[in-house]
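Coordinates in review
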Amino acid sequence: MTKDTYYVQSGKAKVKTVGNDKALYVGDQQAVHVLNQTAYLIYEAMSEPILFDELVDVIKEVTGGEEQAIREDLEETIDLFLRYGFIKIAE
Amino acid sequence: MRTVYLAFPRMTISLTAGEEVLEKAFVFYPFSQSEGKPLFVTHAYRVEREEQKWVVTKDGEVLDSRASAWEAVFVLEYDIELSILEQRGDWLAIHAGCVAVADGACLVAGNPDSGKTTTTFHLVELGWKFMCEEIAFIDSEKKEVHPFLQTLSLDKRFIDAVKGKFPVRRGKVHELNPSLVRYSPELIREEPLRLSTILVPKREPEAEGEAEAVSLSPGAFLTEFLGYCFEPREGMEDLVDRVIGVLEDCRIYRIVYRDISDCRRILIRLFPSASA
């Protein structure tokens, strides 16, 4: 991960609405993952290629959280999203 | 040898066997006997004694042979479950018990040894009508549970512990061997019923404080519930979509309890009227 890395949705995950929550279904893994509101916000923000710092700004604006904590959580979330195949690094 | 017919969800079988086997099979399926010969039989089972073995056949093929009539009936039971699962079509099949409570069907879902059969037993003993044990079938379009009526398989130590605290008055207990009993509920529901509630029992003998029912959102429960579903017929995404549809319309509770009295207390709190 570098500060110039762009992240974007992989196109492999389908969004499902479950009550008030959102879940992502990944067909090639036959797996479903339920996202909390912040995780879904991050996923939504990746509908177009976006930089890590831009994502931090989006989350800060919506949640009003502390920047360092947001950065740490975001790193972890991006790592999971890449592993689950929700997103990819934009070329 | 005599032939009887047993009706199950989407399947009718014939069973040809001697009285010793039939008597034992009726301990497992007291509610399933079909009046007269049905128009169509899905599978024909036979259990015959050959020298020292009891041989179980299905549609002319040998399934297994066992040393006792009880063991042969266990083979039969296992294969009947597999056959019903094959015949279920587009219904969801869930590892769950089910009873009819005041406002609809209440599933009791969970992994083996989580307390689903004992919780189902308590609900029946509290006066609610029995619908399913081990496997529950759900028509996800109508959101209805279809009864699969077989007797509840319980540890004898559990029944003994219950009898030490409460009378067992809503069903009969058949002792199969020194460690295993079958409980046959008196009140049953034979018609499908719309799903209203899902309970997920969790026995925690070391838990502190009062037993509690924790409400779960469909999203919080989705992946866990998928784990209680039998392998999907139409692919995983179809299963996910059907399960989401089912979960969205019902109340879901994880009930955490320490012991028998605790479990009863919490069930009475959740479903007060039948226990009065």
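Residues numbered from 1 in each chain as written. Chains lettered and ligands numbered in written order. Predicted model: local features only at pLDDT ≥ 70, side-chain atom pairs only at ≥ 80, totals over all residues.

Examining the overall build of chain A
When helices and strands are counted, chain A shows 3 helices and 6 strands. For chain A, the succession of helices and strands along the chain, N to C, is β-β-β-β-α-β-α-α-β. Taking 12 Å as the expected radius of gyration for a compact globule of 91 residues, we find that chain A reaches 13 Å, a close match to that expectation. Looking at chain A residue by residue over its 91 residues, the buried ones come to 22%. Long-range pairs, those at least 24 residues apart, make up 53% of the contacts in chain A with a sequence separation of at least 6. (Helix = DSSP H or I, 4+ residues; strand = E, 2+ residues; numbered from the N terminus. Rg over C-alpha atoms; globule rule 2.2 N^0.38 Å. Buried ≥ 20, exposed ≤ 12 C-beta atoms within 10 Å, placed from the backbone. Contact = placed C-beta atoms within 7 Å.)

What to know about the pairing of strand S5 (residues 61-66) of chain B
All names here are of chain B. Sheet topology places strand S4 (residues 53-58) next to S5; 5 bridges connect them, and they run antiparallel. Paired with Trp54 across the strands is Arg66, a residue of S5. Between S4 and S5, which follow one another and run antiparallel, lie 2 residues, and Asp59 among them has a positive phi close to 50°. (Pairing = 2+ DSSP bridges.)

What about the pairing of strand S14 (residues 193-203) of chain B?
Residues and elements named next belong to chain B. As judged from the 4 bridges shared by strand S7 (residues 104-109) and S14, these two strands associate in the parallel manner. For Cys106, the partnering residue across the bridge sits in S14 and is Thr197. In terms of strand pairing, strand S10 (residues 144-146) meets S14 through 2 bridges, oriented antiparallel. Bridge assignment links Val145 to a residue of S14, and that residue is Leu193. Here S14 runs beside strand S16 (residues 251-257); their pairing, made up of 7 bridges, is parallel. Each bridged residue has a counterpart across the sheet, and for Lys202 the counterpart in S16 is Val256.

With respect to unusual backbone geometry
Among all residues save glycine, negative phi is the norm, and among peptide bonds the norm is trans. Even without being a glycine, Gln30 of chain A presents a positive backbone phi close to 50°. Its identity as a non-glycine residue notwithstanding, Glu134 of chain B has a phi of 75°, on the positive side. For Glu134 of chain B, the location among the structural elements is in the loop between strand S8 (129-132) and strand S9 (135-139). By the C-beta count within 10 Å, which is 18 here, Glu134 of chain B ends up partly exposed.

Section: the interface of chain B and chain A
Opposite the 12 residues of chain B that make contact, chain A presents 11 residues. Partitioned by chemical class, the residues of the side of chain B that touches chain A number 7 nonpolar, 3 polar and 2 charged. (Nonpolar A, V, L, I, M, F, W, Y, C, P; charged D, E, K, R; others polar.)

Regarding the sheet that holds strand S1 (residues 6-9) of chain A
All names here are of chain A. Strand order in the open sheet made by the 3 strands is S5-S1-S6, with antiparallel pairing throughout. One side of each edge strand has no neighbouring strand; the edge strands of this open sheet are strand S5 (50-51) and strand S6 (87-89). Pairing of S1 with S6 involves 3 bridges; the strand directions are antiparallel. Across the sheet, Val8 pairs through a bridge with Lys88, a residue of S6.

Some thoughts on the confidence of the model for chain B
Residues and elements named next belong to chain B. Per-residue confidence for chain B averages 93 on the pLDDT scale, and 99% of its residues sit at or above 70. When mean pLDDT is compared element by element in chain B, S7 scores highest at 98, while strand S15 (residues 212-215) scores lowest at 91. Per the prediction output, this complex has pTM 0.91; the corresponding ipTM is 0.84. (pLDDT = per-residue confidence, 0-100.)

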